[in-house]
Amino acid sequence: MINASLTELAAALAGKKISSAELTGLFLERAQAANPRLNCFITLDPERTLAQARAADARLAAGKGAPLTGIPVAHKDIFCASGWLTTCGSRMLSNFVSPYDAHVIERFNAAGAVILGKTNMDEFAMGSSNENSYYGPVRNPWDAGAVPGGSSGGSAAAVAARLTPAATGTDTGGSIRQPAALCGVSGIKPTYGLVSRYGMIAYASSLDQGGPIARSAADLAVLLNAMVGFDARDSTSLERAPEDCTRALEHSLDGLRIGLPREFFGEGLSADVARAVDEAIASLRTLGCRVVEVSLPNTRLSIPAYYVLAPAEASSNLARYDGVRYGYRTAQYDDLLDMYMKSRAEGFGAEVRRRILMGTYVLSHGYYDAYYLQAQKIRRLIARDFAAAFERCDLIAGPTSPSVAFNLGARAQDPVQMYLSDIYTIGVNLAGLPGLSIPCGFGEGGRPVGLQLIGNYFGESRMLNAAHRYQQATDWHLRQPDGEARP
Ligand code: GLN
């Protein structure tokens, strides 16, 4: 059961081979047993979860099941879920029980999915290694000495270790794709605006986008069908006719043009990652794809532009945590200002404080034009680079991350080195495009390598089609970490 696809699980539930209570119980047990070791979950609440599973069983018995009814899904602790502790990986929200559901949670609830638990993450989704969580780092199931990537590290590691069939994540600069790559699982960041940000705790609102993490592209398609949808409560939510993301999965790849950006294969890319990605591209050729070279000349500017824009938005979004309305408040203070200052100094971790300072600085009078405005212009140039590339190809392919998972602690003292982990993913967010990562082999130390596919706006079905055909021809996505194989 732990290796079954979502479609197989749905069939087993509909055919009464297993109940949701049994299935959910199985994954709950695995999650509880593994958590002291991997630290994937901030909150597990078996009673609440099993009550939802029993409700799903009643729904199935009444013949009212939908594709996800009765299937447990873990959610990144950035999604507000009614009655659940929702911490965003921060001490600031360590006492926050959400009174409402995020749109994504509403969608999963409506589909009958069961909330398995809330997954660990970098504080306020700032990070690439999960080491910025107030709840401690997550360990990579492939190697306990390695990071799982971030910021959706708990979700990716939980899927890799078969603690849950699927999970949600969010991706502001790579936080779905990079941990998926480092943990050897599949993840997709949709076109900006497809998944509502309502109830998804804000980091950098013009970049934040929710998406699924699972073991295969076919599973991602099923999950995306549940997550995508217009929501009037998110002002950037797109109103489009619903589309079935599974419909193109089996299409032939004959003649599909794959663009390889020269800038993704140069300096900075580890040899082991390059080798696995090259082989994956050879497989895509065998499947009928045509490969063309493209250029994204402003790639090297994506990190500096992002680290102006994202902190600027974060400094504004995080101003709401003042110790008054909700969240952490310092125990002792002299007056109101002292209370604000101490609550924020104690409630936020070092990386979050660093970004608030950077963001406040680049938005300040006198620096706004030099930094913020300049970064907005670069953002536009990056989007133009992609538009030019998509005149020559249908999908862009390359590595997700420049290296395999690094050791815990290896980059923790060097923020710039950490920021470079997202060199191939951040441009996609700046342009608002969809991107996915699927496993394509192993590099140094037997650690997984991810292949990134980038699509044009609303190209999700085509990307999932290419990923699915690749997964039918290869078995990287079926491999699982040794210690986690027990049924
Ligand atoms: N690693 C990047 C950051 O630290 C991206 C994080 C994300 O996508 N949420 O901001």
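Calculation rules
- Residues numbered from 1 in each chain as written.
- Predicted model: local features only at pLDDT ≥ 70, side-chain atom pairs only at ≥ 80, totals over all residues.
- Heavy atoms only, no water.
- 1 Å grid on protein atoms, 1.4 Å probe; cavity = no way out; pocket = protein on both sides within 12 Å on 5 of 7 lines; lining within 4 Å.
- Points joined across faces, edges and corners; volume = space filled by probe spheres on them.
- Nonpolar A, V, L, I, M, F, W, Y, C, P; charged D, E, K, R; others polar.
- Core = buried A, V, L, I, M, F, W, Y, C linked by side-chain atoms within 4.5 Å.
- Buried < 20%, exposed > 50% of the residue type's maximum accessible area, 1.4 Å probe, protein only.
- Helix = DSSP H or I, 4+ residues; strand = E, 2+ residues; numbered from the N terminus.
- Near = heavy atom within 4 Å.
- Polar contact = N/O pair within 3.5 Å; in protein donor to acceptor, adjacent residues only side chain to side chain.
- Sits in = over half its atoms within 2 Å of the grid points.

## Thoughts on the layout of surface pockets
Then step 1. One number sums up the size of the largest pocket: a volume of about 370 Å³.
Then step 2. In this structure, the largest pocket is lined by 16 residues; those nearest its centre are Glu267, Gly268, Leu420, Ile423 and Tyr424.
Then step 3. Classifying every residue of the lining of the largest pocket gives 4 nonpolar, 7 polar and 5 charged.

## Points about the nonpolar core
Then step 1. Counting 147 residues, the largest nonpolar core has Leu68, Phe108, Phe124, Leu163, Phe386 and Leu464 as the members making the most contacts within it.
Then step 2. Among the elements that take part in this core, helix H9 (residues 299-317) stands out by supplying 9 residues, more than any other.

## Things to note about the site of the ligand
Then step 1. Not every one of the 15 residues close to the ligand is listed here, only the nearest: Gly173, Ser175, Tyr306, Arg355 and Asp422.
Then step 2. Interatomic distance of 3.5 Å between a side-chain N/O atom of Ser151 and a nitrogen atom of the ligand.
Then step 3. One of the backbone N or O atoms of Gly173 is found 2.6 Å from an oxygen atom in the ligand.
Then step 4. When atoms are counted within 2 Å of each cavity's grid points, the one that captures over half of the ligand is the second largest cavity.
Then step 5. Considered class by class, the residues forming the shell around the ligand number 5 nonpolar, 7 polar and 3 charged.

## Topic: empty space enclosed by the protein
The probe, sized like a water molecule, is rolled over the atoms to show the empty space still left.
Then step 1. Summed over the entire model, instances satisfying the criterion amount to 3 cavities of 30 Å³ or more.
Then step 2. What the largest cavity holds in volume is close to 80 Å³.
Then step 3. Residue lining of the largest cavity: Phe264, Leu296, Asn298, Thr299, Ser302, Ile382, Asp385, Phe386, Ile423, Tyr424, Gly427 and Val428, and that is the complete set.
Then step 4. For the lining of the largest cavity, the secondary structure elements donating two or more residues are H9, helix H12 (368-389) and helix H14 (426-431).
Then step 5. If you tally residues by element for the lining of the largest cavity, the top one is H12, at 3 residues.
Then step 6. Of the residues belonging to the lining of the largest cavity, the class tally is 7 nonpolar, 4 polar and 1 charged.

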